[in-house]
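# Summary of structural features
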Amino acid sequence: MTEDVISRSSPAGASSARSLAPDLARGVMLLLIALSHAPAFVGDWSTGPPWLDATAKFVKSLLADNQARNLFVFLFGYGLVQLLAAQQARGESWPSIRSLLRRRGWWLIVIGFLNAMVFVPIDIVAVYGLTLLVIAPIVRAGEPVLWWTGGLTLIPTTLLLAWQSVAAQTDPATIAEIMEPTFAAHLVGSLPTWPANTVLSTVMVVPAMAMGILAARRRLLDEPERHLPLLRRITALGLVLALIGRLPSALLAAGTWSAESAAVRWAVAVAHDLTGYAGGIGLAAAIGVVAVRVRGGRLTTALAALGRRSLTFYLFQGLVWVVLFYPFALGLHDDLGYAATLGIAVAVWVVSIVLADWMRAAGHRGPAEILLRRLVYRPFRWRRG
């Protein structure tokens, strides 16, 4: 997810030459996350032009919903292998690395908890942390174990996501409906639901995480020029499957057609959420293909800078949503239509690119990356000293 959640960089800050494709993918991922999250903070989706809001719902359903997270998690799994390889190259034993991963997991839970309390209840950082605590050894598991783990967890995960999707079709509840009027109330508003949401979400990350680990073992994004034929096949297969499987749900979201039958609604939801895994992995492969051709450009450099600071700018998005939409801040939750929120999401992403590139030029890491590195690695150094 972030340079320090999944980086190959050393604790001291020195790093080997970084691969471009993973950082580009993280930069693109932040756009999809913003598109996925922003509409949840609006209470009335019908304030804009109907045709424009319908188009926005179509785009969000097709591109972002339950696909952004899978790209997110795939890259998290990919980065864990990078971290493992870096530690092994320094001569660290598995018990030391496992301890590092678990310490990282605990701090990610803390950061995710604070994100959910202070910013917004939509959080995946703590989910990453809990997953690391529970299944840290999966990072070095054999390929058959990874395939079986991904496949077996895919079934309950898809059914759980489909249940959520079907429920949302009949009752499209949003965060705007549960916003607290004061900041003090907001700080404790997520406490009752945060533990259960975090635990339930953990199983959702395992399938794409396992695929990310497998991809990293073959260095598909680290050395995309060596794997272009395979990356192109993954891109084509993943994106075509995603288009076919997610199109019915996107049309349903846009109001182009309606499904009266519960069986049809469930079939649409299952297809949408299942092929979201294919789409997330296909997007990662597509970015790997693109990375071979776009090295050195200004936009490429800026987008990669964003990817290297993705934890900082993931949290930055939460801050923006609070400032813009919550009643104790600007309170725009009842003033914007669906399309307008997607426009804001794109604007936040563009601002993030500009800020990340400025930080790169000034030689600054993201503050969240710096904090996490200090929390995780300093105890590690003390024990070794």
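Presented here is a report on the structure given in the accompanying data block. (Residues numbered from 1 in each chain as written. Predicted model: local features only at pLDDT ≥ 70, side-chain atom pairs only at ≥ 80, totals over all residues. Heavy atoms only, no water.)

### So, the overall build of the chain
Scanning the chain from terminus to terminus reveals 15 helices and zero strands. Radius of gyration (C-alpha) of the chain: 20 Å, near the 21 Å computed for a compact globule of 385 residues. Seen along its three principal axes, the alpha-carbon backbone of the chain occupies a region of about 60 × 45 × 40 Å. Taken over 385 residues, the chain has a buried fraction of 54%. Sequence separation of at least 24 residues holds for 85% of the intrachain contacts in the chain that already meet a minimum separation of 6. Accessible surface for the chain amounts to roughly 16,300 Å². Of this, 68% is attributable to carbon and sulfur atoms. Within the chain, one finds 33 positive and 21 negative side-chain charges whose respective centroids are separated by 15 Å. (Helix = DSSP H or I, 4+ residues; strand = E, 2+ residues; numbered from the N terminus. Rg over C-alpha atoms; globule rule 2.2 N^0.38 Å. Buried < 20%, exposed > 50% of the residue type's maximum accessible area, 1.4 Å probe, protein only. Contact = heavy atoms within 4.5 Å. Areas by Shrake-Rupley, 256 points an atom, 1.4 Å probe, with all protein chains shown as cover. Lys, Arg positive; Asp, Glu negative; His and termini not counted. Charge placed at Lys NZ, Arg CZ, Asp CG, Glu CD.)

### Re the layout of surface pockets
Considered as a void within the structure, the second largest pocket measures approximately 630 Å³ in volume. Lining the second largest pocket are 28 residues, and of these Phe-74, Trp-147, Met-211, Ile-234 and Ile-281 sit closest to its centre. Residues of the lining of the second largest pocket, tallied by class, amount to 21 nonpolar, five polar and two charged. (1 Å grid on protein atoms, 1.4 Å probe; cavity = no way out; pocket = protein on both sides within 12 Å on 5 of 7 lines; lining within 4 Å. Points joined across faces, edges and corners; volume = space filled by probe spheres on them. Nonpolar A, V, L, I, M, F, W, Y, C, P; charged D, E, K, R; others polar.)

### Considerations on the pattern of salt bridges
One pass over the full model with this rule turns up six salt bridges. Taking the shortest distance from any N to any O, the salt bridge between Asp-23 and Arg-26 comes out at 2.8 Å. Within this pair, Asp-23 and its partner Arg-26 are both found in helix 2 (residues 20-37), separated by three residues, close to a single helical turn. Note that Glu-223 and Arg-226 form a salt bridge whose closest N and O atoms lie 2.5 Å from each other. When salt bridges that share partners are traced, they join Arg-219, Glu-223 and Arg-226 into one network. (Salt bridge = Lys/Arg side-chain N within 4 Å of Asp/Glu carboxyl O.)

### Observations regarding helix 14 (residues 338-362)
Between its terminal C-alpha atoms helix 14 stretches 36 Å, which fits the 36 Å expected from 25 residues at 1.5 Å a residue. Looking one or two places after helix 14, you find Gly-363, whose phi comes out positive at around 80 degrees. (Expected span 1.5 Å × (residues − 1).)

### Concerning the environment of Val-166
Following the sequence through the fold, Val-166 ends up in helix 7 (residues 143-170). For Val-166, a relative accessible area of 12% translates into the label buried.

### Observations concerning helix 3 (residues 50-63)
Each α-helix winds once per 3.6 residues, and so residues spaced three or four apart point in a common direction. Along its 14 residues, helix 3 runs 20 Å from first to last C-alpha, staying within 8% of the 20 Å computed at 1.5 Å per residue. Inspection of helix 3 places Asp-53, Ala-56, Lys-60, Ser-61 and Leu-62 among the buried residues, and these make up the whole buried set. Contacts made by the buried residues of helix 3 are with helix 2, helix 10 (228-254), helix 11 (262-291) and helix 14.

### With respect to unusual backbone geometry
Its identity as a non-glycine residue notwithstanding, Asn-66 has a phi of 55 degrees, on the positive side. Structurally, the position occupied by Asn-66 is in the loop between helix 3 and helix 4 (68-89). Residues other than glycine seldom take positive phi values, yet Arg-219 does so here, at roughly 55 degrees. Relative to the assigned elements, Arg-219 resides in the loop between helix 9 (194-217) and helix 10.

### Description of the packing of aromatic side chains
What characterises a pair of aromatic rings is the spacing of the ring centres plus the angle enclosed by the ring planes. Counted according to the given criterion, the structure contains twelve aromatic pairs. Taking the centre distance of 5.9 Å and the plane angle of 5 degrees together, the rings of Phe-41 and Phe-325 count as stacked. Pair noted here: Phe-41 is in the loop between helix 2 and helix 3 and Phe-325 is in helix 13 (residues 310-325), with a separation of 284 residues, a long-range link. Residues Phe-41 and Phe-325 agree in their burial class; the two are buried. Aromatic side chains Trp-321 and Phe-325 sit 6.2 Å apart centroid to centroid with 35 degrees between the ring planes, which places their arrangement in the tilted category. With a gap of four residues between them, Trp-321 and Phe-325 both fall in helix 13, about one helical turn apart. Like Trp-321, the residue Phe-325 is buried in the burial classification. Members of the aromatic cluster, each reached through a chain of ring pairs, are Phe-41, Phe-183, Trp-321, Phe-325, Tyr-326 and Phe-328. (Phe/Tyr/Trp six-rings, centres within 6.5 Å; stacked < 30°, edge-to-face > 60°.)

### Thoughts on the nonpolar core
Ranked by size, the top nonpolar core spans 103 residues in total, and within it Phe-74, Leu-101, Trp-321 and Phe-325 carry the most contacts. Per-element accounting of this core gives the leading share, twelve residues, to helix 4. When neighbours within four sequence positions are excluded, Trp-321 is seen to be in contact with Ala-34, His-37, Ala-38, Phe-41, Val-120, Tyr-326, Ile-344, Ala-345 and Val-348. Core analysis: the next-biggest nonpolar cluster, separate from the first, contains seven residues, Ile-109, Ala-116, Met-117 and Leu-133 among them. (Core = buried A, V, L, I, M, F, W, Y, C linked by side-chain atoms within 4.5 Å.)

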